Every structure is written in C-alpha cells, then in structure tokens.
Amino acid sequence: MDFHKTLLNWYLLNSRSLPWRETSNPYNIWLSEIMLQQTRIAQGLPYYEKFIAHFPTVFDLANAKEEHVLKLWQGLGYYSRARNLHFTAKYVAEELNGIFPDNYKDLKKLKGVGDYTAAAIASICYDEPVAVVDGNVYRVLARYFGVETPINSTEGVKQFKALAQEMLYKKDPKHYNQALMEFGALHCKPKNPLCESCPFQKNCVAFQQGKTASLPVKLKKTKVTTRHFNYLVFKKNDETLLQKRTGKGIWKNLYEFPLLETSEEIQKEAFTNHPEVEKLVGKNFKNIRLYNNKPIKHVLSHQKLFAKFWIISVEDFPVAFEKPIIATQFSTIETFAVPVLLEKFIEAFHFSK
DNA sequence: AATCCGGGGTG
DNA sequence: CACCCAGGATT
C-alpha cells in the first residue's frame with residue numbers, strides 16, 4: 001500500500017477533533033500555527049480559544065494594544081511570537097485589507113512565519129502542495145527511512161525537506177500534512193512509540209532494524225547559563241512598583257518588579273549594603289525582609305534562574321531609578337503581562353501582610 | 001552555523 | 001534529570 005494511503009487511512013480513524021480543523025479561515029489557521037510552534041496542543045489550545053474569543057478577526061487583533069496581546073499570551077512562552085503576531089496582524093489589516101497572502105512564498109514574508117508555518121497555512125487553507133516539516137515529520141521520516149543525518153544539521157534540514165516534499169501526497173496536501181504530524185504526535189512518539197500496532201511496521205526501516213529508539217539523530221544540547229535575580233518588591237500602603245523589560249533578552253516587553261541581578265546568590269547583609277539598593281532606599285535595612293530564604297528556581301530553555309524576592313516597605317517610593325517605573329496597586333498587577341516566575345510569586349504573596 | 005527565545009509534559 | 005513540543009529570528 002502507498003505511504004499516503006496508509007497514512008490517510010490512519011488519520012481518518014485517529015485524528016483528534018480540534019477547533020482549527022473546523023475552518024479554512026487563514027486567520028484562524030495562522031493564529032493556531034503560531035501558537036503551536038514548539039508548543040504542545042494541550043498547552044496551546046486554551047490560548048487559541050481565548051484569542052479567538054477576544055479577537056475574532058485579524059482587525060480585532062490589529063486594533064488591540066500589544067500589552068493586551070502579551071497579557072493574553074502570558075504563560076505560553078516565546079513571547080516574540082506574540083509580538084510578531086501582533087505586528088503581522090497590523091500589517092495584514094492595514095496594508096493587505098485584512099486579506100492574508102494565499103501562497104507559500106508570500107506567506108513566508110510575514111514576520112513570525114517561517115518555512116513550517118508558511119507550508120502549513122498554504123496547504124491547509126489553499127491546498128498548495130508544499131510539505132510541512134516539523135518535529136513530528138522529522139521523527140516519522142527518519143524512522144521510516146532509517147535516515148541518520150542529524151535533523152538539526154544544515155544537511156539534515158535540506159535532506160528532510162526534500163524527502164518530505166517528495167513524499168507529499170499532492171492531491172490532498174491539506175490532510176496529508178496534518179495526518180503526518182498527527183501520526184508523529186500520537187503514534188510515532190519520541191518515547192515508547194506504538195510500533196506493535198503500527199500500520200507502517202513492514203516498511204519501517206527503524207522498526208525492521210531495531211533502531212527506533214535512536215532515531216531521529218539530533219546534535220548536542222544547548223548549554224544553560226545560571227543567573228541570580230533579586231526582585232525589589234516595594235510596598236507603600238497597597239501600592240508597588242513595576243518596570244517593563246526592554247532591549248534584548250528574555251521576557252521582552254513583559255513587566256517585573258525592579259530587578260537587581262547579581263553574579264552569585266546574595267544574602268541579606270550583602271543585599272542591604274549593595275550600592276544599587278543603597279542608592280534607592282538608603283541604609284534603611286530594617287524595612288527590608290526576604291520573602292524566600294531559598295531561591296526560587298525557574299528554568300528556561302537556555303537559562304536557569306534563581307530568584308529572591310525582597311520586600312521593601314517604604315513611606316515614599318524611591319525616585320533614583322534609571323528605567324521608567326510604574327506605581328500600581330498590588331491588586332492591579334494582574335492587568336500587566338508578567339513572566340510565570342512572577343505570576344507564581346504574586347499568587348502566593350499576600351501583599352497586605 | 002550557532003545561539004537565543006518559555007513553559008510544561010514525559011519517562 | 002534529559003528530552004521534546006504543529007519553529008523563527010538574530011548573530
């Protein structure tokens with residue numbers, strides 16, 4: 001049996017019911033594809049529902065404030081996706097009359113839309129015969145054909161892209177593409193794939209040669225740096241201070257308490273004597289208490305963060321900040337987009353005490 | 001070509 | 001703990 005026939009038959013019996021499968025509206029498909037980049041469906045699904053409810057059309061998204069978009073994106077990670085999403089929504093609404101490009105080549109010009117996403121939208125919305133190559137596709141093809149080229153090498157990317165395009169069932173790219181990804185996600189899983197019930201068993205090189213567990217091949221892992229964050233949680237009656245993260249680096253355009261980063265974990269005496277702290281609050285160390293004696297560990301893809309939250313009670317807020325600062329009632333913090341690390345602190349910390 | 005960018009699930 | 005997820009942008 002042909003590969004595509006077996007695949008599409010499997011898909012017919014095993015596909016999940018998902019909201020973006022009920023439509024061919026490029027706005028919905030685009031939104032879902034951006035959200036699902038490096039993100040599991042279970043994690044992205046509630047965000048998709050939330051965005052569609054708040055922004056039914058690309059015009060609604062274009063007219064929103066970036067702050068609102070980031071707030072709704074909060075917790076999903078890779079926040080450049082949200083910023084690019086908003087940028088592209090404005091572009092499509094204002095420059096393209098709200099009409100998305102209808103082909104792979106032009107879709108790829110949109111900010112935040114790369115090879116994968118352009119192929120997904122083009123095939124799903126417009127039946128263009130372009131193969132998607134995501135993590136699932138790499139895995140299924142590497143195993144089925146026994147390809148040992150590292151999937152994240154330049155050579156591997158080229159090879160798998162060509163292979164995927166060659167295998168593509170051009171008469172129905174929309175369902176073939178989704179079927180291949182769905183098969184990788186549900187059946188040909190990274191760990192414990194369901195080989196015993198696999199319809200490709202007979203022709204799968206990895207299964208025949210017992211290589212399933214070692215495919216696909218991937219080059220090294222990224223090295224993780226460690227950082228130490230000290231958050232200054234000012235407390236003036238029911239108000240506190242927030243700053244917006246700008247420039248490069250993590251959490252761009254999200255909010256946080258004023259931050260003092262140190263090269264090592266810092267204890268109370270060193271903290272109160274730190275020049276930056278003295279500059280802000282003087283030597284009034286009696287008003288400073290440490291919320292968590294043990295640093296809170298927060299892991300990102302390239303960084304391991306250790307955070308201490310210092311509660312600083314004041315009668316007047318300092319004015320010596322270098323970056324713009326916002327005074328807000330603690331109960332109003334929830335309107336700001338903050339990293340999950342801070343969201344957890346805010347939830348646990350009872351500001352009135 | 002390498003590195004950066006989140007957060008959560010899985011084994 | 002290591003690995004992965006419906007990747008893309010930047011350097």
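For clarity, every value in this text was computed on a predicted model and none was experimentally measured.

Here is what the cut-offs are and how they apply
Residues numbered from 1 in each chain as written. Chains lettered and ligands numbered in written order. Predicted model: local features only at pLDDT ≥ 70, side-chain atom pairs only at ≥ 80, totals over all residues. Heavy atoms only, no water. Near = heavy atom within 4 Å. Polar contact = N/O pair within 3.5 Å; in protein donor to acceptor, adjacent residues only side chain to side chain. Helix = DSSP H or I, 4+ residues; strand = E, 2+ residues; numbered from the N terminus. Nonpolar A, V, L, I, M, F, W, Y, C, P; charged D, E, K, R; others polar. Contact = heavy atoms within 4.5 Å. Core = buried A, V, L, I, M, F, W, Y, C linked by side-chain atoms within 4.5 Å. Buried < 20%, exposed > 50% of the residue type's maximum accessible area, 1.4 Å probe, protein only. Domains from an automatic or database assignment. Disulfide = S-S within 2.5 Å. Axes fitted to C-alpha atoms, helices over the stretch in contact; angles between N-to-C directions. Parallel < 35°, antiparallel > 145°, perpendicular 65-115°, else oblique. Left-handed = near helix turned anticlockwise from the far one by under 90°. UniProt positions renumbered as here; feature names shortened; annotations may be inferred.

Focus: the protein's contact with DNA strand C
Thinking step 1. Among the 27 residues in the neighbourhood of DNA strand C, the closest are listed as R40, G112, T117, R139 and M181.
Thinking step 2. Each atom of DNA strand C within 4 Å of the protein was assigned to sugar, phosphate or base; sugar and phosphate come to 64%.
Thinking step 3. G135 is positioned with one of its backbone polar atoms (N or O) 3.2 Å from a phosphate oxygen of DNA strand C.
Thinking step 4. Sorting the residues of the surface near DNA strand C by element identifies α8 (115-126), α9 (135-145) and α11 (173-186) as the ones contributing at least two each.
Thinking step 5. Here the surface near DNA strand C is composed, by residue class, of 9 nonpolar, 8 polar and 10 charged.

Details of the protein's contact with DNA strand B
Thinking step 1. Surrounding DNA strand B, one finds 25 residues, the nearest of these being Y78, T154, G249, W251 and H298.
Thinking step 2. In DNA strand B, atoms within 4 Å of the protein come from the sugar-phosphate backbone in 59% of cases.
Thinking step 3. In the environment of DNA strand B, a base nitrogen lies 3.1 Å from a nitrogen or oxygen atom belonging to the backbone of Q38.
Thinking step 4. One of the side-chain N or O atoms of H298 is found 2.7 Å from a phosphate oxygen in DNA strand B.

Focus: the side chain of Q303
Thinking step 1. In this fold, Q303 is placed in strand β7 (residues 303-313).
Thinking step 2. A polar atom in the side chain of Q303 sits 2.9 Å from the side chain of R227.
Thinking step 3. Beyond its immediate chain neighbours, meaning those up to four positions away, Q303 contacts V224, T225, R227, I250 and H298.

Focus on the nonpolar core
The tendency in soluble globular proteins is for nonpolar side chains to be buried side by side.
Thinking step 1. Counting 98 residues, the largest nonpolar core has W30, F51, W73, W251, F257 and F309 as the members making the most contacts within it.
Thinking step 2. With 8 residues, the top contributor of residues to this core is α8.
Thinking step 3. A domain split of this core shows at least three residues from each of domain 1 (3-214) and domain 2 (225-348).
Thinking step 4. Ranked by size, the runner-up nonpolar core spans 15 residues in total, among them L232, F271, I312 and V314.

Topic: helix α5 (residues 66-73)
Thinking step 1. Burial in α5 covers these residues: V69, L70, K71, L72 and W73.
Thinking step 2. Next to the buried residues of α5 lie α2 (26-35), α3 (41-54), α4 (58-63) and α6 (80-95).

Concerning the state of the cysteines
Thinking step 1. According to the stated counting rule, one finds 0 disulfides in the structure shown.
Thinking step 2. Just so you know, C195 is unpaired, no disulfide at all, and the nearest cysteine sulfur is the one on C198, 6.3 Å from it.
Thinking step 3. Using a relative accessible area of 18% as the deciding quantity, one classes C195 as buried.

Quick look at the packing of α8 against α11
Thinking step 1. Running from amino to carboxyl end, α8 crosses α11 at an angle of 130°, the nearest separation of the two axes being 7 Å. In terms of axis orientation, α8 runs oblique to α11. Here α8 and α11 pass one another in a crossing that is left-handed. Contact residues: Y116, A119, S123 and I124 in α8; P173, K174, N177, Q178 and M181 in α11.
Thinking step 2. Among the residues forming the contact of α8 with α11, the class breakdown is 5 nonpolar, 3 polar and 1 charged.

A closer look at the UniProt feature "domain: HhH-GPD" (unreviewed entry) in chain A
Thinking step 1. Here, UniProt's "domain: HhH-GPD" (unreviewed entry) annotation points to residues 35-186.
Thinking step 2. Structurally, residues 35-186 comprises 66% helix and 0% strand, and the distance from its first C-alpha atom to its last is 19 Å.

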